[in-house]
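Coordinates in review
Residues per chain are reported as follows:
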Amino acid sequence: MVKNRSTSPGPFRAAAAVALLAISSWAGAQSIFGISPEDEKRIGREEHSKILTQFGGAYDDPNLARYVDSIGQFIAAASNAPEVGYTFTIIDSPIVNAFALPGGYVYLTRGLLALADNEAEVAGVLAHEIAHVTARHGAKRHTKGTLAGLGLAVLGAVTDNDALMSLGRVGAHAALSAYSRTEEYEADDLGVLYLSRAGFEPGAMSSFLDKLKRNSALAASMHGRPATPGLDFFATHPRTRDRVARAVAAARRTSVSDPIVGRNIYLSKIDGLLFGDGPEQGFVRGLRFVHPSIGFEFEAPPGFRLLNGERAVTGFGPEGARMYFDLGRTEPGRSLRRYLYRDWAAGTRLSRFRRTSVDGMDAVTAVARGSGGQPVRLAAIRFQADSVARFAFVPAGAPRSETDRHQRTSVFSFRRLSRWEARALKPWRVVVREVGPAETVDSLVARHFPTEMRMPRRTFRVLNGLPQGEPRAGDRVKLITE
């Protein structure tokens, strides 16, 4: 159903008209990119399973999946290519992101759903991604070979050894290549058009964009990084100030009578949504990293901030110090010394080799020299017969006795969890509650937010779109509980 089809004056109308001409022959046509719509559908199908593998799989909540699909299909029906046949998938990742593949495969993360405040904001994201499909931006990128390069982002290699370099890989948050500014302009214009056609509040695109900016800045602050594009929506959808202003202006020029916002129903649908890392990914709890599914925990040195990825845990320390942790595979019965010299750190000059024991498990430690002569402390612990827990510490400067002591303490904090301990660990979830009389941000955070969460007050404000002031009694707000 197409509701409240609206036309827009001025530059927006002209830009949208150009875009409509560009995609008016989507179905059954051979495009200027040399890929037909049938080819695009095939590419999307082939890449779909790879996306699920790279990004941690689909979020296991059938009711929420159906709800998001219903919003997406409603927007798709109002697009210029409803015949594509769209597939909407919630990715089980805490990162705030959304993207699309050729052939109508559209993805958004549960992290994005936690940040959104109503149906219209989610519809705006989906409209933007649908616009990338209808404008065939994915086909253009694929012909350039960019889509095939779904590589993981490397945080910074410490040696020339491939195995050690892999420790810097962040994992499930694959870095898709960014769209061009022209493509983003086109998707903005078409997205606002589709949103208004479907009867949603077109200003939701700009309001959610503002939340994305604040959330990106919050994530950067938590990990001690500048507020620059990283592993989030801005990495794959770069937006400059002129693009933000342009999206806001387009929304203001587009009016919809009695627009759909859908805040209450949306908050009801995401009540109980997993927030942050899940049990299958392990949890960061302050300086601790615990993995209930595999059954271990360890603690980072003082002053570190941990970032959990699909394949590795990365620690950001004072003055640029780094640590990396992951699990490696080995042959049962293979000595840890041979594993260190022949596999993990092959070709790297090692010194200060030492055998030891960590929580009753065989372990070895050594110091490697990075490509720039930088010392890297390594530790390998026999966790299972065929798996090794691996630590690598990269100091900020010259080695110091205090630094060595903290690194050793971190390695020796590694231990197995009992079944009881693993069962007792619970993930964080979004809960929706009404604000009571006299309740404030401080009182709500103190009562409901986990004590181990970093920057809980700022997180509350970002999640609830409340940059300043206090919530009003009776307002429904998102809280995070364990």
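Values in this document were obtained by computation on a predicted structure and should not be read as measured data. (Residues numbered from 1 in each chain as written. Predicted model: local features only at pLDDT ≥ 70, side-chain atom pairs only at ≥ 80, totals over all residues. Heavy atoms only, no water.)

**Examining the overall build of the protein chain**
In terms of regular secondary structure, the protein chain is built from 17 helices and 17 strands. Looking at the protein chain residue by residue over its 482 residues, the buried ones come to 54%. Put simply, 68% of the contacts in the protein chain that link residues at least 6 apart link residues at least 24 apart. Here the protein chain has roughly 20600 Å² of accessible surface; of this, 51% comes from carbon and sulfur atoms. (Helix = DSSP H or I, 4+ residues; strand = E, 2+ residues; numbered from the N terminus. Buried < 20%, exposed > 50% of the residue type's maximum accessible area, 1.4 Å probe, protein only. Contact = heavy atoms within 4.5 Å. Areas by Shrake-Rupley, 256 points an atom, 1.4 Å probe, with all protein chains shown as cover.)

**Let's talk about the packing of helix 5 (residues 119–134) against helix 9 (residues 204–222)**
At their nearest, the axes of helix 5 and helix 9 sit 8 Å apart, and the two run at 95° to each other. One element, helix 5, and the other, helix 9, form an angle in the roughly perpendicular class. Of helix 9, the residues touching helix 5 (which contributes Ala-120, Glu-121, Gly-124, Val-125 and His-128) are Ala-204, Met-205, Ser-207, Phe-208 and Lys-211. (Axes fitted to C-alpha atoms, helices over the stretch in contact; angles between N-to-C directions. Parallel < 35°, antiparallel > 145°, perpendicular 65-115°, else oblique.)

**Brief notes about the side chain of Asp-326**
With respect to the helices, strands and loops of the structure, Asp-326 is situated in strand 10 (residues 322–329). Polar contacts involving the side chain of Asp-326 include one to the side chain of Arg-390, which spans 2.8 Å. (Polar contact = N/O pair within 3.5 Å; in protein donor to acceptor, adjacent residues only side chain to side chain.)

**Some remarks on the sheet that holds strand 1 (residues 87–91)**
Read across the sheet, three strands follow the order 1-3-2 without closing on themselves; strand pairing throughout is mixed. Among the strands making up the open sheet, the edge pair consists of strand 1 and strand 2 (98–101). For this sheet, the mean inter-axis angle between neighbouring strands, taken without regard to orientation, is 20°. Where strand 1 and strand 3 (residues 105–109) come together, five bridges link them in parallel fashion. (Pairing = 2+ DSSP bridges.)

**Overview of helix 5**
The terminal C-alpha atoms of helix 5 lie 22 Å apart, and with 16 residues this matches the ideal 22 Å at 1.5 Å per residue to within 8%. The element helix 5 is largely enclosed, with a buried count of 16 among its 16 residues. Just downstream of helix 5, Arg-136 is the residue with a positive phi angle, here 60°. (Expected span 1.5 Å × (residues − 1).)

**Some points on the nonpolar core**
Grouped together as the largest cluster of nonpolar side chains are 70 residues, with contacts concentrated most on Ile-75, Tyr-86, Leu-108, Leu-113 and Phe-460. Ranked by residues supplied to this core, first place goes to helix 5 with nine residues. Setting aside chain neighbours within four positions, we find Ile-75 in contact with Ala-123, Ala-127, Ile-130, Tyr-194, Leu-195, Ala-198 and Phe-200. (Core = buried A, V, L, I, M, F, W, Y, C linked by side-chain atoms within 4.5 Å.)

**So, the pattern of salt bridges**
Per the stated rule, a full pass over the model turns up 20 salt bridges. The partner of Asp-404 in a salt bridge is Arg-352, and the shortest N-O contact between them spans 3.9 Å. Taken together, the residues span a long stretch of sequence, with Asp-404 in helix 14 (residues 401–412) and Arg-352 in strand 11 (residues 350–358) at a distance of 52 residues. Assessed through its relative accessible area of 19%, Asp-404 is described here as buried. Here Glu-439 ties to Arg-447 by a salt bridge, and the two come within 3.9 Å at their closest N and O atoms. A network of salt bridges, in which partner residues are shared, links Arg-288, Glu-297, Arg-415, Glu-421 and Glu-452. (Salt bridge = Lys/Arg side-chain N within 4 Å of Asp/Glu carboxyl O.)

**A closer look at the environment of Leu-417**
You can see Leu-417 is positioned in the loop between strand 15 (415–416) and helix 15 (419–424). A C-alpha to C-alpha distance of 4.9 Å links Leu-417 and Gly-295, two positions 122 residues apart in sequence.

Any link to function would need more than the numbers given here.
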